[in-house]
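Observations on chain architecture
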Amino acid sequence: MWHSTTTISTALEDEPFPSVPTPEPPCFTTLPAHPCRREFPYAPPQAKKRLQDLLSAQRAQNKLARAFDQHVAFQNVRTARTGPAGAGGGVYSIIDAAIETNVDQLNFVSTGLTAEDFDPYHQGLCVHTRLYRGYRVAATVANSKHQGGVAVAWRVEPKKGVKGSKPNQNIESFQRHGPNCLSYHALFGGTRQPVIVAYLLPETLEDLHHLQAAFDRFKNTCPPILMADLNVDLYSPNPDLRTRQVADFLAANDMEDMLQHFHSRRRFRHQKTWYQKRYNPDGTLQRTLRSRTDYMMTSPTLRHYFKNVQLVDPRIVHTDHYMIKATIKSAPRKAQRKYLQGRKKFP
């Protein structure tokens, strides 16, 4: 009895169970490496070389595309007047801020440049810096030296010491609509883009008809880009009558805020462009008031022209407003040169 049991158990141990499958070697899927890595450790030699060639071509294409990008900015500078003995900086410090932030075209409002203080011959002209460090300036005549007035500064000369930095943009066809509104055509690599720069006074909306005249100028053309200090918070949970009127005006002209389409950095995650610090009697900071008053807007059909929109604090201009900086796609420099050379000086 004991002998038979041992024989049966030995036979069972030698023969495998038919219901248990034979284990197979593990199969690992071959995947390409992340595009940011230079090596492809999981690819065969032929595929590795092909992926490296594709990555090199993509990097060269991205570098070429970034070379044609144009940086446009908008800021409320509070004043562009030069103080006593050159204090305050004026237009010089504003252009220095544009160079510091790598901006090719800076639109700024609340300049305070009036004709009464700067025009010795009373011709109604505003005297200010026309060219400084490769930037040309054009401005309107403000109705007060304390507020109002818009201007634009754009780069017309190559960057000093940088090879191949000839500007790929130009501005032409200026038209002033009152003291606080300016419209022009911006040429980005041959692309003609209408731009409107405006400033609404905080106590009145009398400049809305000037802004509407600027929109009517580009009624049958490409939708314009609006850069303005509206002195209203369109994202306020409890909008007042002024805010609702401005919002209806922008909606009627098909304008949409571009800053909300991009993720802001941690410091500017609130996306507020105006701030004011309140202090205690002992000098310590009590709180900081913030609001959204500055906007860079355009039609939703031109959303794909913007690659990035961020808030920047240059810390050169003494102001309580942040700068809105946008990166706009542009055409190759060859198209811009072809357009400039095709113009006739004496038609």
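Residues numbered from 1 in each chain as written. Predicted model: local features only at pLDDT ≥ 70, side-chain atom pairs only at ≥ 80, totals over all residues. Heavy atoms only, no water.

Within the largest apolar cluster, 31 residues are counted, with the highest numbers of intra-cluster contacts made by Val-152, Tyr-184, Val-197, Met-227, Met-296, Phe-306 and Val-309. Elements represented by at least two residues in this core include exactly β1 (70–76), β5 (150–155), β7 (181–188), β8 (191–199), β9 (225–229), β14 (306–312) and β15 (323–328). The element best represented in this core is β7, accounting for four residues. With near-sequence residues (within four places) excluded, Val-197 lies in contact with Phe-74, Asn-107, Val-109, Val-150, Asn-180, Cys-181, Leu-182, Tyr-184 and Met-227. (Core = buried A, V, L, I, M, F, W, Y, C linked by side-chain atoms within 4.5 Å. Buried < 20%, exposed > 50% of the residue type's maximum accessible area, 1.4 Å probe, protein only. Helix = DSSP H or I, 4+ residues; strand = E, 2+ residues; numbered from the N terminus. Contact = heavy atoms within 4.5 Å.)

Moving on, we get to the packing of aromatic side chains. Under the defined criterion, the tally for this structure stands at six aromatic pairs. Relative to Phe-174, the ring of Trp-154 has its centre 5.5 Å away and its plane inclined at 40°; by these criteria the two rings are tilted. Remark: Phe-174 occurs in strand β6 (residues 169–176) and Trp-154 occurs in strand β5; sequence separation between them is 20 residues. Classification of Trp-154 as buried rests on a relative accessible area of 4%. Residue class for Phe-174 comes out partly exposed when judged on its relative accessible area of 30%. Members of the aromatic cluster, each reached through a chain of ring pairs, are Trp-154, Phe-174 and Tyr-184. (Phe/Tyr/Trp six-rings, centres within 6.5 Å; stacked < 30°, edge-to-face > 60°.)

Our next topic: helix α6 (residues 241–252). Compared with the 16 Å implied by 1.5 Å per residue over twelve residues, the 17 Å span of α6 between its first and last C-alpha is a close match. Among the residues of α6, Arg-242, Thr-243, Val-246, Phe-249 and Leu-250 are the ones counted as buried. For α6, the arc enclosing every buried residue in end-on projection is 125°, short of the 170-degree limit, so these residues lie on one face. Opposite the buried face of α6, by more than 90 degrees, sit the exposed residues Leu-241, Asp-248, Ala-251 and Ala-252. In the core, the buried residues of α6 are packed alongside α5 (208–217), β9 and β13 (294–298). Positioned one or two residues after α6, Asp-254 has a phi angle of 60°, which is positive. (Expected span 1.5 Å × (residues − 1). Arc of directions from axis to C-beta.)

Okay, the sheet that holds β1 next. A sheet is described by the order of its strands in space; here seven strands give the open sequence β3-β4-β5-β2-β1-β15-β14, paired in mixed fashion. Of all strands in the sheet, those with a lone pairing partner are β3 (131–132) and β14, marking the two edges. Sheet analysis places strand β2 (residues 105–109) next to β5, joined by five bridges and oriented antiparallel. In the strand pairing of β5, Asn-107 is matched with Val-152. (Pairing = 2+ DSSP bridges.)

The subject of this paragraph is the confidence of the model for the protein chain. Overall, the predicted model of the protein chain reaches an average pLDDT of 80, with 73% of residues at or above 70. Note on residues 84–88: pLDDT is under 50 here. Beyond four places in sequence and across chains, it has two contacts. (pLDDT = per-residue confidence, 0-100.)

The next subject is the pattern of salt bridges. On inspection of all chains with the given rule, the structure shows nine salt bridges. Asp-233 is paired through a salt bridge with Lys-272; the nearest N and O atoms lie 3.6 Å apart. Highlighted residues: Asp-233 in the loop between β9 and α6 and Lys-272 in the loop between β10 (256–257) and β11 (274–279), separated in sequence by 39 residues. You can call Asp-233 buried: its relative accessible area is 15%. For Lys-272, a relative accessible area of 21% gives the class partly exposed. (Salt bridge = Lys/Arg side-chain N within 4 Å of Asp/Glu carboxyl O.)

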